[in-house]
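# Tertiary structure, described
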Amino acid sequence: MPYLGEISALITAISFAFTATLFTFGGRLVGSGVVNRTRLLFGMGMLLLTHWVTLGTLLPTTAPERWLWLSLSGVIGLSLGDAFLFQAFIWIGARLSMLLMSLAPVLAALLAWIILGETLTVGQIIGILFGIGAATGQALGLILSKLGLVGDFSALSGNVIRMLAATTAIWIYTLLRNQGKETTRQLSAHPRAILFIIGGSIFGPLIGVSFSLLAVQQTEVGIASTLIALTPIFMLPVGAVVFKEKFSWQAVAGTVAALVGVAMLFLV
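So, a few notes on the structure that sits alongside this text. (Residues numbered from 1 in each chain as written. Predicted model: local features only at pLDDT ≥ 70, side-chain atom pairs only at ≥ 80, totals over all residues. Heavy atoms only, no water.)

### Section: the overall build of the protein
A count of helices and strands for the protein gives 13 helices and zero strands. The linear arrangement of helices and strands in the protein, starting from the amino end, is α-α-α-α-α-α-α-α-α-α-α-α-α. The contacts in the protein between residues at least 6 apart in sequence include a share of 85% that link residues at least 24 apart. Here the protein has roughly 12,300 Å² of accessible surface; of this, 73% comes from carbon and sulfur atoms. (Helix = DSSP H or I, 4+ residues; strand = E, 2+ residues; numbered from the N terminus. Contact = heavy atoms within 4.5 Å. Areas by Shrake-Rupley, 256 points an atom, 1.4 Å probe, with all protein chains shown as cover.)

Below, the structure written as structure tokens:
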């Protein structure tokens, strides 16, 4: 299918707008840590069921090196990177958090040049800026996913491996810190948060992440991550309607300009 990678990246961007909104509501009720570890459980369950129904097996059967790269991608991108992101949702809101995530294509371009040998000019390399935890986690996660998805390996299977590794890592940490009971207590006290987390898990770990892996598999990492970074554009009407944010035309122009600047990396 022509432009399958690009279309998948756009679907990812729209899905991430929905998941950012839902996780913001959930995080304001129970905290970012509870949202992160709970949505990984829900997401993993949904993905395992989807994998079983569509591909006939609960877990992917593949080479150990794929498990290595995709597991590292999951731990870095879904556990560590998203931990920063969900806290940002609470502190500065979904729209600004996703705007900061537009740094991810810049980081992805640099890391793809270093790890995958994709071409960047000297000017592009000099112009690249290193971002904060969420963008770094997503960027490195995309690169590791690219390594794990070489060939015709199923993007859904890749997502299952990433989610399994991320969920295992975050819950080992949770149990070592004795935070399991606190997670249960918070969810029991705020049952509405469970609905937000389930909804966010459908649009995020299930739909969004699966299409993001398909995108990086079917097109260059830089192009895929640039299109995925359009999420802040979709967040503008969400911010106005859902969060009742009031922002000036300068804020809109700044969002567009930031994303245009990132996109120019791949047009020059």
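### A closer look at the layout of surface pockets
What the largest pocket holds in volume is close to 270 Å³. Taken together, 13 residues line the largest pocket, and the ones lying closest to its centre are Asn36, Arg37, Ala83, Ile170 and Tyr173. Taken together, the elements giving at least two residues each to the lining of the largest pocket come down to helix H2 (32-55), helix H3 (64-92) and helix H8 (155-176). With five residues, H3 is the single largest residue contributor to the lining of the largest pocket. In terms of residue class, the lining of the largest pocket is made up of six nonpolar, six polar and one charged. (1 Å grid on protein atoms, 1.4 Å probe; cavity = no way out; pocket = protein on both sides within 12 Å on 5 of 7 lines; lining within 4 Å. Points joined across faces, edges and corners; volume = space filled by probe spheres on them. Nonpolar A, V, L, I, M, F, W, Y, C, P; charged D, E, K, R; others polar.)

### Some details on the side chain of Ser212
One can find Ser212 in helix H10 (residues 191-218). Setting aside its immediate chain neighbours within four residues, Ser212 contacts Thr12 and Ile228.

### A few points about a nonpolar patch on the surface
On the surface, a cluster of nonpolar side chains totalling about 510 Å² of accessible area is made up of Leu49, Trp52, Val53, Leu58 and Leu59. In this structure Leu59 comes out as partly exposed when scored by relative accessible area, which is 38%. (Patch = residues over 30% accessible without salt bridge, like charges linked within 9 Å, V, L, I, M, F, W, Y side chains within 5 Å. Salt bridge = Lys/Arg side-chain N within 4 Å of Asp/Glu carboxyl O. Buried < 20%, exposed > 50% of the residue type's maximum accessible area, 1.4 Å probe, protein only.)

### Describing the pattern of salt bridges
In total, this model carries one salt bridge according to the counting rule given. The partner of Arg185 in a salt bridge is Glu182, with the nearest N and O atoms 2.8 Å apart. Within this pair, Arg185 and its partner Glu182 are both found in helix H9 (residues 180-189), separated by three residues, close to a single helical turn.

### Re the environment of Thr50
With respect to the helices, strands and loops of the structure, Thr50 is situated in helix H2. The spacing of Thr50 and Leu156 is 106 residues in sequence and 8.5 Å in space, taken between C-alpha atoms. Beyond its immediate sequence surroundings of up to four residues, Thr50 is in contact with Leu55, Leu156 and Leu206. Engagement of the side chain of Thr50 in a polar contact is seen with the backbone oxygen of Met46, the distance being 2.8 Å. (Polar contact = N/O pair within 3.5 Å; in protein donor to acceptor, adjacent residues only side chain to side chain.)

### Focus: the environment of Ile233
Summarising the element assignment, Ile233 is placed in helix H12 (residues 231-241). Judged by relative accessible area, which is 29%, Ile233 ranks as partly exposed. Each C-alpha atom of the pair Ile233 and Met98 lies 9.3 Å from the other, and the pair is 135 residues apart in sequence.

### Let's talk about unusual backbone geometry
For Asn178, which is not a glycine, the phi torsion comes out positive at approximately 55°. Residue Asn178 is classed as exposed on the basis of its relative accessible area of 67%.

### Considerations on the environment of Gly31
The topology assignment puts Gly31 in the loop between helix H1 (4-30) and H2. The spatial distance from the C-alpha of Gly31 to the C-alpha of Ile90 is 7.9 Å, given a sequence separation of 59 residues. When near neighbours in sequence (up to four residues on either side) are disregarded, Gly31 contacts Gly26 and Ile90.

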